[in-house]
Amino acid sequence: MLLRYFYDKRLAQASYLVGCQSTHEALVVDPARAVDQYIVAAQQEGLRIIGVTETHIHADFVSGSRELAERTGATLYLSDEGDTSWKYQYATERPHILLKDGDEWMIGNIRFQALHTPGHTPEHLSYLVTDTISADQPMGLFSGDFVFVGDVGRPDLLEQAAGLAGSAEPAARQLHRSLQRFRELPDYLQLWPAHGAGSACGKALGAVPSSTVGYEKLFNWALRIADEDEFVRTVLAGQPEPPAYFAVMKRVNKEGPPLLGVLRVPARLRATGLQSVLERGAQVVDTRPAEEYDHGFVSATINIPYDADFLTWMGALVNYEQPLFLIAGAQEIEAIVNDLICIGLDRIEGYFKPEAVSGWAERVGQLSVIPRVETSEIERLLKTGEAAIFDVRGAAEYEAGHIPDVPNLPLPALRRRLNEVPTDRPVVVHCASGARSAIAASVLRAAGVPQTINVVGGFDEWRAAGKPIDA
């Protein structure tokens, strides 16, 4: 048996290539949409991909299962558990096998057995893996979003992200029962989860890529709580606010993502064309670092820096139904596009070079700046009332502690709650350190708020200075 591990840092997402070196056949577990990496790896190992599977209908990225099956001719192995609301709608278009609890199949000499482990989602499956050439017992478990290193998959996601009201508590109880089954597995089994630290599919994921069943039984907080009611209260408390695009991902992955084929890099456009693009109401995202953007930008653009959090904020703030234009360097555009397709942002119609845009905007008088102030300025502004101040951190962060008399307006909710933002006075935004508030300031300016100001330092600096905090 051969096992290759793939990890996307931006999505905190893991996928796996499992190959039989005797028959030269392989299966991919939970593939991302950028499928070339699996095809190349299989070729390098002398393997042919004949199977593709996933543990559940993902919410945080576009699955590559359909794309990879199309490219390789592989059979799809997909869950047939859960109710009709969470069945794969695209499976019948290709060779496929729908799996129930206990079902087994072979890839060469490697046996896979499906275990129904609902809780994170109703249809969730985990897979026991046995290398039958050398053993008659399984080696490990692909746990998907069921059990992570140090955490478990959140059961509130369907309610919070997909709008399935009242589903969180029943799912938490379901997850507790699935964990009872996990406790019965042998301690020696290796554990291969679908996510690592930074994923919004749990609240405290470890940064170690794998674990063992025995280690998680001893030290995973969720497996140390025997009482069901206590577990439900604990697992539902303090979950991070899910990114707004998760609902889109659920729908896309259930219906079947559009097939991509060869990656298409959008055309570079002349800076003079930016005016007409903006006049027709198109979305334009400037991917430069905030410090560059703040020194001069075109007002109707928004700034989402191409950094570690790029996909989170693109998914939260960009309208999936509208075409998208980017301001980005020619040397970065292919990587940016490759990242964006992973969350389903396929309609990228062109890009502009930053230096060309800045030169054009300066010539025609369209260059704007966003003022920045220190955290100490918040105290004065609260006393005078001359500006509206908003905390754009997440709701859980805000509830844990916030500046008195400053309301919460989380960045992901900003565009749909613009009616709460006044336009007759300056609007000041802060977050923990100044990064999210810089994005928020650009979103507000693009939405027509005439005066937006970003606080550098934010809540972290306020707390460090010993200022009063409400909780």
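In this numbering scheme, every chain counts its residues from 1 along its sequence in written order. In keeping with the model being predicted, local features are shown solely for residues with a pLDDT of at least 70 and side-chain atom pairs are shown and tallied solely at 80 or more, while totals for entire chains, interfaces and linings include all residues. Working from all heavy atoms in the structure, the side-chain values ignore hydrogens and water.

Asker: Looking at this model, I keep getting lost on the pairing of strand 1 (residues 2–8). Mind explaining?
Answerer: Between any two strands, at least two bridges found by DSSP are needed for them to pair. Strands here mean DSSP runs of E at least two residues long; helices mean DSSP runs of H or I at least four residues long; both are numbered from the N terminus. With seven bridges connecting them, strand 1 and strand 2 (residues 13–20) associate as antiparallel partners. Residue pairing in the sheet places Y5 in a bridge with Y16 of strand 2. Hairpin connection from strand 1 to strand 2: four residues lie between these consecutive antiparallel strands, with A12 at a positive phi of about 50°.

Asker: Sorry if this is basic, but what is going on with unusual backbone geometry here?
Answerer: Keep in mind that most residues, glycine aside, have a negative phi and that most peptide bonds are trans. Its identity as a non-glycine residue notwithstanding, D30 has a phi of 55°, on the positive side. Position of D30 among the secondary structure elements: in the loop between strand 3 (25–29) and helix 1 (36–44). Any residue under 20% of the maximum accessible area for its type is buried, any over 50% is exposed, and the rest in between are partly exposed; the area is computed with a 1.4 Å probe on protein chains only. Using a relative accessible area of 2% as the deciding quantity, one classes D30 as buried.

Asker: What's the story with the pattern of salt bridges in this structure? I'm lost.
Answerer: Side chains carrying opposite charge are able to pair once their charged atoms draw close together. We count a salt bridge whenever a side-chain nitrogen from Lys or Arg sits within 4 Å of a carboxyl oxygen from Asp or Glu. If you walk through the whole model with that rule in mind, you get 25 salt bridges. Of the charged contacts in the structure, one is a salt bridge between E386 and R380, with a shortest N-O distance of 2.9 Å. Residue classification places E386 among the partly exposed positions, given a relative accessible area of 39%. Between D460 and R463 there is a salt bridge, with its nearest N and O atoms 3.4 Å apart. Linking D460 with R463, this pair stays in helix 16 (residues 458–464), spanning three residues, or about one helical turn. Looking at R463, the relative accessible area reads 48%, which means it is partly exposed. In this structure, a network of salt bridges that share partners links the residues E169, R173, E228 and D229.

Asker: Is there a simple way to think about the sheet that holds strand 13 (residues 283–286) in this case?
Answerer: The strands that make up a sheet pair up through hydrogen bonds in the backbone, lying either parallel or antiparallel. Spatially, four strands are ordered 15-13-16-17 in an open sheet, and the strand pairing comes out parallel. Strands at the two margins of the open sheet, each flanked by one partner only, are strand 15 (302–303) and strand 17 (348–352). Note: strand 13 against strand 16 (residues 324–327), four bridges, orientation parallel. Residue pairing in the sheet places Q283 in a bridge with L324 of strand 16.

Asker: Can you walk me through the packing of aromatic side chains in this structure?
Answerer: Remark: the centre distance and the inter-plane angle together describe each pair of aromatic rings, the angle taken between the planes. Centres within 6.5 Å make a pair out of two Phe, Tyr or Trp rings, where for Trp the six-membered ring is used; the pair is then stacked when the planes are under 30 degrees apart, edge-to-face when over 60, and tilted otherwise. One pass over the full model with this rule turns up 16 aromatic pairs. An angle of 85° between the planes, with centres 6.0 Å apart, marks the rings of Y88 and Y90 as edge-to-face. Residues F142 and W192 carry aromatic rings whose centres are separated by 4.8 Å and whose planes lie at 40° to one another, so their mutual orientation is tilted. Taken together, the positions of F142 in strand 10 (residues 140–144) and W192 in strand 11 (residues 190–193) put the pair 50 residues apart, joining distant regions of the chain. Through pairs of rings, three or more aromatic residues link up here, namely Y5, Y7, Y16, F142 and W192.

Asker: Could you clarify how one ought to interpret the pairing of strand 16 in this entry?
Answerer: Regular strands place their side chains on alternate faces of the sheet. Of the two faces of strand 16, both are covered, the one formed by L324 and L326 as well as the one formed by F325 and I327. Judged from the four bridges that link them, strand 16 and strand 17 form a sheet pairing that is parallel. Paired with L326 across the bridge in strand 17 is Y351. Throughout, right-handed denotes a crossover for which the path from the first strand over the helix to the second runs clockwise when the strands point away from the viewer. Running through helix 11 (residues 333–340), the crossover from strand 16 to the neighbouring parallel element strand 17 is right-handed.

Asker: What exactly am I supposed to notice about the environment of C431 here?
Answerer: You can see C431 is positioned in the loop between strand 21 (427–430) and helix 15 (435–446). Between the C-alpha atoms of C431 and L78, which are 353 residues apart in sequence, the distance is 41 Å. Only heavy atoms matter for contacts: two residues are in contact if any of them lie within 4.5 Å across the pair. Each residue touching C431, except ones within four places of it in the same chain, is listed here: V392, R393, R436, S437, G458 and F459.

Asker: Help me understand the sheet that holds strand 1 in this model?
Answerer: If you trace the six strands from one edge of the open sheet to the other, you get 1-2-3-4-5-6, paired in mixed fashion. Every interior strand has two partners, whereas the edge strands, strand 1 and strand 6 (96–99), have only one. The mean inter-strand angle of the sheet, taken between neighbouring strand axes irrespective of direction, is 20°. Sheet topology places strand 5 (residues 75–79) next to strand 6; four bridges connect them, and they run parallel. When the sheet's bridge partners are listed, Y77 is paired in strand 6 with I97. Convention adopted: a line fitted to C-alpha atoms gives each axis, helices being fitted over their contacting stretch, and angles between N-to-C directions are expressed from 0 to 180 degrees. Sheet contacts for helix 2 (residues 65–72): strand 3, strand 4 (48–53) and strand 5; angle to strand 4, the most-contacted strand, approximately 155°.

Asker: Can you walk me through a nonpolar patch on the surface in this structure?
Answerer: Two distance rules govern patches: like charges are joined within 9 Å, and nonpolar side chains (Val, Leu, Ile, Met, Phe, Trp, Tyr) within 5 Å, applied only to residues with over 30% relative accessible area and no salt bridge. Only the protein chains shown count as covering a residue, and every accessible area follows the Shrake-Rupley method with a 1.4 Å probe. Taken together, the side chains of Y215, L218 and F219 define a hydrophobic patch exposed on the protein surface, amounting to about 350 Å² of accessible area. Mapped onto the fold, Y215 is located in helix 5 (residues 213–219). With relative accessibility at 46%, the residue Y215 sits in the partly exposed group.

Asker: Just to check I follow, could you spell out helix 6 (residues 228–236) for this structure?
Answerer: Side chains three or four residues apart in an α-helix point the same way, a direct result of the helix having 3.6 residues per turn. Every buried residue of helix 6 is accounted for by F231, V232 and V235. Projected down its long axis, helix 6 carries its buried residues within an arc of 100°, all on one side. Buried residues belonging to helix 6 abut helix 4 (168–183). We define a polar contact as two N or O atoms separated by no more than 3.5 Å, with the added condition that, inside protein, one atom must be a possible hydrogen donor and the other a possible acceptor, whereas residues neighbouring each other in sequence contribute only through side-chain atom pairs. Two or three places before D229, at the opening of helix 6, D227 has a side-chain oxygen 3.3 Å from that residue's backbone nitrogen. Arc, as used here, means the arc of the directions from the helix axis to the C-beta atoms.

Asker: Which parts of the structure should I look at to understand the environment of E321?
Answerer: With respect to the helices and strands, the residue E321 is situated in the loop between helix 10 (310–317) and strand 16. Put simply, E321 and L345 are 24 residues apart on the chain and 9.4 Å apart in space, counted from C-alpha to C-alpha. For E321, the residues in contact, after removing those within four places along its chain, are R251 and R347.

Asker: How should I be thinking about the nonpolar core in this particular structure?
Answerer: Generally speaking, nonpolar side chains in soluble globular proteins are found buried as a group. We define a nonpolar core as any set of buried Ala, Val, Leu, Ile, Met, Phe, Trp, Tyr and Cys residues linked to one another through side-chain atoms lying within 4.5 Å. With 56 residues, the main nonpolar core has I304, M314, L326, L340 and I343 as its most contacted residues. Going through the elements one at a time, helix 7 (246–255), helix 10, strand 16, helix 11, strand 17, strand 20 (388–391), strand 21 and helix 15 are the ones with two or more residues in this core. I304 has contacts with V285, D286, T287, F310, W313, M314, L317 and I439, leaving out every residue within four places of it along the chain. In this structure, A26, V28, I39 and A69 belong to the second largest nonpolar core, which totals 25 residues.

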